[in-house]
Amino acid sequence: MEEPLGRVVDRMKEYDVIVVGGGNAAYCAALAAREKGASVLMLEAAPDEESGGNSRFTAGAMRVVYNGVDDIKALVPDLSQAEIDSTDFGTYTQDQFFDDMARVTQFRTDPNLCELLVTRSFDALNWMRQKGIRFVPIYGRQAFKIDGRFKFWGGLTVETVGGGEGLVAMMKDSGKKFGIEVRYRTRATDLVYDGAKVSGVRYRSGKETGIINGRAVVLACGGFEANAEWRTRYLGPGWDLAKVRGSRFNAGDGIRMALDIGASPYGNWSGCHAVQWEMNAPEFGDLAVGDQFQKHSYPFALLVNATGKRFVDEGADFRNYTYAKYGRVVLEQPGQFAWQIWDQKTKHLQRDEYNIKQCTKVAANTIEELAKKLDGVNPEQFVKTIAEYNAAVRTDIAFNPNVKDGRHTQGLAVPKSNWANTIDKPPFEGYAVTCGVTFTFGGLRINNDGQVMDLDHEPITGLYAAGELVGGIFYFNYPGGTGLTSGSVFGKIAGESAGAAARS
Ligand SMILES: Cc1cc2nc3c(=O)[nH]c(=O)nc-3n(C[C@H](O)[C@H](O)[C@H](O)COP(=O)(O)OP(=O)(O)OC[C@H]3O[C@@H](n4cnc5c(N)ncnc54)[C@H](O)[C@@H]3O)c2cc1C
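Residues numbered from 1 in each chain as written. Predicted model: local features only at pLDDT ≥ 70, side-chain atom pairs only at ≥ 80, totals over all residues. Heavy atoms only, no water.

**Student:** In this structure, what is going on with the site of the ligand? I would like to understand it.
**Tutor:** Lining the immediate environment of the ligand, one finds 39 residues, of which E44, N54, S55, A61 and N250 sit closest. Between D253 and the ligand, the recorded distance is 2.8 Å, taken from a side-chain N or O atom to a nitrogen atom. One of the backbone N or O atoms of G481 is found 3.3 Å from an oxygen atom in the ligand. Alone, the ligand offers 1000 Å² of accessible surface; in the complex the protein occludes 97% of this. Here the shell around the ligand is built from residues that sort into 14 nonpolar, 19 polar and six charged. (Near = heavy atom within 4 Å. Polar contact = N/O pair within 3.5 Å; in protein donor to acceptor, adjacent residues only side chain to side chain. Areas by Shrake-Rupley, 256 points an atom, 1.4 Å probe, with all protein chains shown as cover. Nonpolar A, V, L, I, M, F, W, Y, C, P; charged D, E, K, R; others polar.)

**Student:** Help me understand the pairing of strand β6 (residues 143-146), please; the structure alone is not making it clear to me.
**Tutor:** A regular strand places its side chains so that they alternate between the two faces of the sheet. Two strands pair when backbone bridges link them, and β6 and strand β7 (residues 149-152) are joined in this way by four bridges, in the antiparallel orientation. Opposite A143, over in β7, you have F152 as the bridge partner. The loop that links β6 with its antiparallel partner β7 comprises two residues; one of these, D147, has a positive phi angle of about 50°. (Pairing = 2+ DSSP bridges. Helix = DSSP H or I, 4+ residues; strand = E, 2+ residues; numbered from the N terminus.)

**Student:** Could you clarify how one ought to interpret the sheet that holds strand β8 (residues 158-160) in this entry?
**Tutor:** Pairing between the strands of a sheet comes from backbone hydrogen bonds, and it takes one of two forms, parallel or antiparallel. The three strands are arranged β3-β8-β5 in an open sheet whose pairing can be described as antiparallel. Pairing within the sheet leaves two strands with one partner each, and these edge strands are β3 (61-62) and β5 (135-137). Note: β3 against β8, two bridges, orientation antiparallel. What sits directly across from M62, in β8, is V158. Sheet strands touched by helix α7 (residues 121-130): β3, β5 and β8. Its angle to β5, the strand with the most contacts, is close to 125°. (Contact = heavy atoms within 4.5 Å. Axes fitted to C-alpha atoms, helices over the stretch in contact; angles between N-to-C directions.)

**Student:** What's the story with the environment of W239 in this structure? I'm lost.
**Tutor:** Mapped onto the secondary structure, W239 falls in the loop between α9 (228-235) and β13 (243-244). Along the chain, W239 and E332 lie 93 residues apart, while their C-alpha atoms are 9.7 Å from each other. Once you skip the residues sitting within four places of it in the chain, W239 turns out to touch R231, C272, A274, R328, L331, C435 and V437.

**Student:** Looking at this structure, I do not really get the packing of α7 against helix α14 (residues 482-503). What am I missing?
**Tutor:** Geometrically, a packed helix pair is captured by the angle between its two axes and the distance between the axes. It is at 9 Å that the axes of α7 and α14 come closest, and there the two elements cross at 80°. Looking at the two axes, α7 sits roughly perpendicular to α14. Facing S121, A124, W127 and M128 of α7, the residues of α14 in contact are T485, S488, V489 and K492. A class-by-class count of the residues in the contact of α7 with α14 yields four nonpolar, three polar and one charged. (Parallel < 35°, antiparallel > 145°, perpendicular 65-115°, else oblique.)

**Student:** Quick question: what am I supposed to make of the packing of aromatic side chains here?
**Tutor:** Pairs of aromatic rings are described using the distance from one ring centre to the other and the angle between the two planes. Within this structure, the stated rule accounts for 22 aromatic pairs. For the pair Y139 and F150, a centre-to-centre distance of 4.8 Å together with 55° between the ring planes defines the contact as tilted. Of this pair, Y139 sits in the loop between β5 and β6 while F150 sits in strand β7, and the two are eleven residues apart along the sequence. Their ring planes at 70° and their centres at 5.4 Å tell us that W342 and Y354 sit as a pair that is edge-to-face. Note that W342 is positioned in strand β17 (residues 338-342) and Y354 in the loop between β17 and β18 (361-364), a separation of twelve residues in sequence. For the pair shown, W342 and Y354 are each scored as buried. Over the face of the ring belonging to F178 we find K131, whose NZ or CZ atom lies 4.3 Å from the ring centre. The ring centre of Y266 lies 4.0 Å from the NZ or CZ of R445, which sits over that ring. (Phe/Tyr/Trp six-rings, centres within 6.5 Å; stacked < 30°, edge-to-face > 60°. Buried < 20%, exposed > 50% of the residue type's maximum accessible area, 1.4 Å probe, protein only. Lys NZ or Arg CZ within 6 Å of the ring centre and 35° of its normal.)

**Student:** Mind showing me how you'd approach the sheet that holds β6 here?
**Tutor:** The mixed open sheet is built from three strands, whose spatial order is β4-β7-β6. One side of each edge strand has no neighbouring strand; the edge strands of this open sheet are β4 (87-88) and β6.

**Student:** Explanation requested: the pattern of salt bridges in the structure shown.
**Tutor:** Between side chains of opposite charge, pairing is possible as soon as their charged atoms come close. For the structure on display, the rule yields 27 salt bridges. Close ionic contact of R503 with D16 constitutes a salt bridge, the shortest N to O distance being 3.2 Å. Residue R503 is located in helix α14, and its partner D16 is located in strand β1 (residues 7-20); the two are separated by 487 residues in the primary sequence. For D48, the salt bridge is made with K172, and the minimal N-O distance between the two is 2.8 Å. Taken as a pair, D48 in the loop between β2 (40-43) and α2 (53-57) and K172 in helix α8 (residues 163-177) lie far apart in primary sequence, 124 residues in all. With relative accessibility at 37%, the residue D48 sits in the partly exposed group. One salt-bridge network, in which partners are shared between bridges, spans R63, D100, R103, D317 and K404. (Salt bridge = Lys/Arg side-chain N within 4 Å of Asp/Glu carboxyl O.)

**Student:** Teacher, can you tell me more about the packing of helix α6 (residues 111-119) against α14 here?
**Tutor:** Across the interface, α6 lies against α14 with an axial gap of 9 Å and an inter-helix angle of 100°. Taken as axis vectors, α6 and α14 run roughly perpendicular relative to one another. For the pair α6 and α14, contact is made by L113, L116 and L117 and by T482, T485, S486, V489, F490 and I493, respectively. Residues that form the contact of α6 with α14 fall into these classes: six nonpolar, three polar and no charged.

**Student:** Explain the environment of P401 here, please?
**Tutor:** For P401, the location among the structural elements is in the loop between α13 (379-392) and β19 (428-440). A sequence separation of 256 residues divides P401 from K145, and the C-alpha atoms of the two residues are 9.7 Å apart. Dropping the residues within four chain positions of it, P401 is found in contact with F144, I146, F300, F318, L349 and W419.

**Student:** Which parts of the structure should I look at to understand α14?
**Tutor:** What sets the pattern is the α-helix's 3.6 residues per turn: residues three or four places apart point alike. For α14, built from 22 residues, the straight-helix expectation of 32 Å at 1.5 Å per residue is met to within 8% by its first-to-last C-alpha distance of 31 Å. Within α14, 17 of the 22 residues are buried, which leaves it mostly tucked inside the rest of the structure. (Expected span 1.5 Å × (residues − 1).)

**Student:** For this particular structure, what's the right way to read unusual backbone geometry?
**Tutor:** Backbone phi values are negative for most residues with the exception of glycine, while trans is the configuration of most peptide bonds. Here the residue pair P426 and P427 is connected by a cis peptide bond, since its omega of -5° sits within 30 degrees of zero. Positionally, P427 belongs in the loop between α13 and β19. Of note in the backbone geometry, Q336 takes a positive phi value of approximately 55° without being a glycine. With respect to the helices, strands and loops of the structure, Q336 is situated in the loop between α11 (323-331) and β17. Phi at H457 is positive, roughly 65°, even though this residue is not glycine. Residue placement: H457 occurs in the loop between β21 (451-453) and β22 (459-465). Take H457: its relative accessible area is 41%, and that puts it in the partly exposed class.

Structure, rendered in structure tokens:
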């Protein structure tokens, strides 16, 4: 292979395991490989100050199986008695997690990978705790207070302390503690492969290129969401226009490197996780804002497009089960935008992200006045849409944000199935959103040991994968909080396998 121009360095030092990436999956793989006694080098394309991948942009919410408050206490040992007394944590059993994965992926999720994800989720988080990662319950976002008591809903109950920033900071501390070496600004470009086994990676760091030898390589360097050309190629026309919610460094390198040596592509290559995202957000994520450009309280609002009409059932299900597919729905609207419409009856249910100063927001005291302020929207049709919607709400059914309350509309072409409230208590508000892509679903085929499979579905010796670039887990949609859990479960598996193989 021809080396690009620049200083070429051939590093003779050999590591047991090279982990490509610097996010949650990479750290879990690196820590697990260290546990097996392997020497570990992590290569992170980003500079230190931008490192941590999409994991750093998250809220740190993690979907995990738990059978009651005792399991939550195992993950959150300093949970107070007052918190326990005022909270209904419910359960999130293996069956519930399986059902959610099957339902949202339309029964496409790979049964083996899904089983690992579900059955090892609790062990993976417990193991992370032993590595110094701390968790807290997600009060506020996943539980609303009704009659003085919190009730969790939607299977998403814990998050890392300090969100994604906290997660990556704790991972870095843990990496240091356990002796993991990290090289920043170092982008892996190719795998060293002799047709029989992978024995290292080629890299580029500024103008320097070279080879680092490793007895095993774990690819944990994200999907292709930050690559506009690949998005258009695989997700389809229009996806070049989406905003990227997170890291600008995930350009599909890991997938490409593996495909170049004959790995098997797998999963939903035309699918991705994409949400409603601030209309005027920058091209890539901004660490100072994090995930706050999202606008995730839409089940309690209305969505209208440029024609002034509604186009989607905002209340089809809990937010956790619709938000990841509604970005695509917004991208498909004329001009790739929509407005979320609110009144004062449900404003108190807005998440914090509605209060940031980087919001494209308008407010008015009448619907007619609001209609004129909604940039790009047909005002006459908008006024008609609100009147028709208000007349269709079944106000005889009680509103309850903690359950799928069945308070629906009747007779509309586009129904609202739950949490339907008339829009009639001023001031009214509008928030402009577009599509923000989170991560891509298509990737590499792995076996139960995290080994990357070739086109004959045989493992490629020395090559492992974890995180976003593993295909076959998510199709069409995604249950909130599963990306990090997937990175943890498969990162741990890949790291253990790579570490053990390198030391054997
Ligand atoms: C705004 C936002 C909010 C989210 N919220 C949540 C949430 O609350 N809960 C949840 O479960 N999921 C959430 N997700 C999804 C979650 O971020 C991902 O599923 C998960 O972090 C993926 O982890 P990963 O380690 O596979 O990838 P990443 O964390 O993206 O790590 C990939 C790493 O690889 C590096 N890299 C890329 N190419 C190369 C290369 N060639 N060489 C070396 N390094 C390279 C990158 O710099 C990066 O460090 C969110 C995502 C975003 C963007």
